[in-house]
Amino acid sequence: MSTGAAKGFASIAPTGRTFACAFFLVVATGCAVLPEPTGDEVREQALGYTTIPPNWSAQASAAQVDEGWLASFNDPILTQLVHEALEHNPDLLMAAARVEQANAQVDLAESKLKPALGLLGRAGSKPIADLVPLLSGVMLRLSWEIDLWGRMRYARNAARAARDASSADYRFAQQSLAASVARAWFVANETRMQMALAMQMTDAGERLVELSDQRLRVGAGTQSDVMVAQANLATYADAQQQIELAHRQALRALELLMGRYPSATLDVAGTLTPFPAPVPAGIPADVLERRPDMIAAQRRVAAAFDLVGEAKAAMLPTLTLSAGYGRISNEVVEVRDDLEQTTSSVSATAVVPIYTGGALTGQVRLRTAEQKEAIADYARRALNALDEVEDALTAERVLSERERILREAVDANRDIVRMEESAYRIGRADLRTVSQRQLAAWAAETALLSVQRERLARRVDLHLALGGNFGNPPQVVPDAGAAAAAH
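Residues numbered from 1 in each chain as written. Predicted model: local features only at pLDDT ≥ 70, side-chain atom pairs only at ≥ 80, totals over all residues. Heavy atoms only, no water.

Asker: Tell me what's going on with the overall build of the protein chain, and back it up with residues and numbers.
Answerer: If you tally the helices and strands in the protein chain, you get 13 helices and four strands. Per-residue burial over the protein chain gives 39% buried out of 487 residues. When contacts within the protein chain are restricted to residue pairs at least 6 apart in sequence, those whose partners lie at least 24 apart make up 83%. Accessible surface for the protein chain amounts to roughly 26300 Å². Of this, 56% is attributable to carbon and sulfur atoms. (Helix = DSSP H or I, 4+ residues; strand = E, 2+ residues; numbered from the N terminus. Buried < 20%, exposed > 50% of the residue type's maximum accessible area, 1.4 Å probe, protein only. Contact = heavy atoms within 4.5 Å. Areas by Shrake-Rupley, 256 points an atom, 1.4 Å probe, with all protein chains shown as cover.)

Here is the structure:
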């Protein structure tokens, strides 16, 4: 194999040792195929240029990553929603079907290593001058292609590696779905709380309209103050409608994840889940071994390796053994005395590729390029995985500090609003000042809710990036009628 991205473990061209395999040993077992690259070899090949540090850049505990992160949020409703999504989400059902397809591909690849046994039958009639077509009877036929150079074993190993990758993809799809449900649940609760906050602002706007009307009637206010209060009320009411629309969209998104009809009728708690305690993050190298998507990428490199071996073995001769035993009809025997009623045959067919117009060498180049792509894809995914953890750890620290700052801002703005409203009642403050303070207070509370929700979401992202499992998913029991039909 060529050098470059595939240099190292990727070179599997047949050698003199391969051609020296004894014939009878080949017939019995075939020449051994080369072992697939290990995970360490794949990482060295893909990340040879990258130095992975022993610890994360962001401050984090190097203890082993926790499993069952869903329980850390202590939210029974969220847990129930995740389990419902795992059973009914269409995307996850598609991923499960792809695993079944991969298992079937393994069965097909393994079947080619075994003898094929069939029953042949023929019956017919033609003029007596043509005796051969008159032959009628039944024959048991055995055919077996000997895997001399490992071509079919390479194909089988590639199918197994692809199956492993598909299974890992399914596990990652489960974890990603659980994370998506958790994020959608947090958004739905945040928008519900934003709706309550918008209603409070609308109520406050209505009180200011009434207060400005009262001041105008007693001669202490102006028509301009009344108009400003009415305009602010309209702004608050419009914002309330927008938040209500966002809340319904959040509910529909969550319902779709669970496989429900998007009716926006799902009940939400209306409060955000308390933020869990800090979690250990392990070390960077562990992520590449623990995350299912990285396991899938490594197995795809192995599959590509085996496909290169299959392509190169296809350039070598093939040997097929055939045997048959049968019985012909009595009518034919009566016509020809030299024909017996039973017949048997044994044959061997060898095919040596001499010229295929470049098809075989082109297939080797194609599979080699695919292996290079698989190695580069592993490197890309590995760097992204490490970046996701670093980003999530940094976000934990920054969002925690932002929440502290915004809590102080909310408390301060609430105090200022109360003072400005009291001052406006006695004529010592302008209505515009009160309105500005109300908007500032609303903006601070809105930002605080967003940060609190984002902290929860980024904690979910951290668990997903680390490869920690959300818990034991429920076992899906197939429909009894469908199971019966399958048999």
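Asker: Could you give an account of empty space enclosed by the protein, naming the residues involved and the relevant values?
Answerer: If you walk through the whole model with that rule in mind, you get one cavity of 30 Å³ or more. Of the voids in this model, the largest cavity is the one considered here, and its volume is about 60 Å³. Those elements that provide at least two residues to the lining of the largest cavity are strand S2 (137-146) and strand S3 (318-328). Along the lines of polarity and charge, the residues of the lining of the largest cavity split into seven nonpolar, two polar and three charged. (1 Å grid on protein atoms, 1.4 Å probe; cavity = no way out; pocket = protein on both sides within 12 Å on 5 of 7 lines; lining within 4 Å. Points joined across faces, edges and corners; volume = space filled by probe spheres on them. Nonpolar A, V, L, I, M, F, W, Y, C, P; charged D, E, K, R; others polar.)

Asker: Help me get a handle on helix H4 (residues 76-88), residues and values and all.
Answerer: Taking 1.5 Å of rise per residue, 13 residues should cover 18 Å, and H4 covers 19 Å from first to last C-alpha, within 8% of that figure. Regarding H4, the residues found buried are Leu78, Leu81, Val82, Glu84, Ala85 and Leu86. Looking at the packing, one finds that the buried side of H4 touches helix H5 (90-111), helix H6 (151-217) and helix H7 (223-257). Its side-chain oxygen 3.2 Å from the backbone nitrogen of Ile77, Asp75 forms the N-cap of H4. (Expected span 1.5 Å × (residues − 1). Polar contact = N/O pair within 3.5 Å; in protein donor to acceptor, adjacent residues only side chain to side chain.)

Asker: Give a detailed account of the confidence of the model for the protein chain, specifying residues and quantitative values.
Answerer: For the protein chain, per-residue confidence averages 84 on the pLDDT scale, and residues scoring 70 or more make up 85% of the total. Averaged over each element, pLDDT in the protein chain is lowest for helix H13 (residues 480-486) (36) and highest for helix H9 (residues 292-313) (96). Within the model, pLDDT remains below 50 along residues 1-8, and this stretch shows 20 contacts once partners closer than five positions in the same chain are excluded. Counting interchain partners and residues more than four positions distant, the pLDDT-below-50 stretch residues 10-29 has 27 contacts. (pLDDT = per-residue confidence, 0-100.)

Asker: Residues and numbers for the nonpolar core, please.
Answerer: Judged by nonpolar contacts, the single largest core of 30 residues is most densely connected at Trp69, Leu78, Val82, Val181, Phe186 and Leu254. The set of elements that each furnish at least two residues to this core consists of H4, H6, H7 and helix H12 (431-466). In terms of residue count, H6 provides more of this core than any other element does, nine residues in total. With residues up to four places along the chain from it excluded, the contact list for Val82 reads Leu70, Ala178, Val181 and Phe470. (Core = buried A, V, L, I, M, F, W, Y, C linked by side-chain atoms within 4.5 Å.)

Asker: With reference to specific residues and values, describe the side chain of Asn157.
Answerer: Here Asn157 is to be found in helix H6. Every residue in contact with Asn157, bar those within four places of it in the chain, is listed here: Val33, Glu36 and Asp306.

Asker: Account for a nonpolar patch on the surface, naming residues and giving values.
Answerer: On the surface, a nonpolar cluster with roughly 490 Å² of combined accessible area is contributed by Leu117, Leu119, Val138, Leu140 and Leu142. Secondary structure elements with two or more residues in the nonpolar patch: strand S1 (116-122) and S2. At three residues, S2 tops the list of elements feeding residues into the nonpolar patch. Looking at where Leu142 falls in the secondary structure, it is placed in strand S2. (Patch = residues over 30% accessible without salt bridge, like charges linked within 9 Å, V, L, I, M, F, W, Y side chains within 5 Å. Salt bridge = Lys/Arg side-chain N within 4 Å of Asp/Glu carboxyl O.)

Asker: Please provide a residue-by-residue account of unusual backbone geometry, values included.
Answerer: At Asn74, a position not held by glycine, the phi torsion is positive, near 50°. Residue position: Asn74 is located in the loop between helix H3 (39-46) and H4. One non-glycine residue, Ala264, adopts positive backbone phi at about 60°. Mapped onto the elements of the fold, Ala264 is located in the loop between H7 and helix H8 (284-290).

Asker: So, the packing of H6 against H12: which residues are in play, and what are the values?
Answerer: Across the interface, H6 lies against H12 with an axial gap of 10 Å and an inter-helix angle of 170°. Classified by the interaxial angle, the pair formed by H6 and H12 is roughly antiparallel. Counted by class, the contact of H6 with H12 contains 20 nonpolar, eight polar and five charged residues. (Axes fitted to C-alpha atoms, helices over the stretch in contact; angles between N-to-C directions. Parallel < 35°, antiparallel > 145°, perpendicular 65-115°, else oblique.)

Asker: Residues and numbers for the side chain of Asp225, please.
Answerer: Within the secondary structure, Asp225 sits in helix H7. We classify Asp225 as buried; its relative accessible area is 9%. Every residue in contact with Asp225, bar those within four places of it in the chain, is listed here: Ser212, Tyr424, Asp430, Leu431 and Arg432.

Asker: An account of H3 is needed here, citing residue identities and associated values.
Answerer: One turn of an α-helix holds 3.6 residues; hence residues three or four places apart share an orientation. For H3, the full list of buried residues reads Val42, Arg43 and Ala46. Here the buried residues of H3 occupy an arc of 95° about the axis, which is enough to place them on one side. The outward face of H3, more than 90 degrees from its buried face, is lined by the exposed residues Asp40 and Glu44. Contact partners of the buried residues in H3: H8, H9 and helix H11 (359-425). (Arc of directions from axis to C-beta.)

Asker: Can you tell me about the pattern of salt bridges, naming the residues and giving the values?
Answerer: One pass over the structure, following the stated rule, counts 27 salt bridges. Two residues, Arg183 and Asp461, come together in a salt bridge whose shortest N-O distance is 2.7 Å. Of this pair, Arg183 sits in helix H6 while Asp461 is found in helix H12, placing the two residues 278 residues apart along the sequence. The salt bridge involving Arg407 is made with Glu403; its shortest N-O contact spans 2.9 Å. With a gap of four residues between them, Arg407 and Glu403 both fall in helix H11, about one helical turn apart. Classification of Arg407 as partly exposed rests on a relative accessible area of 42%.

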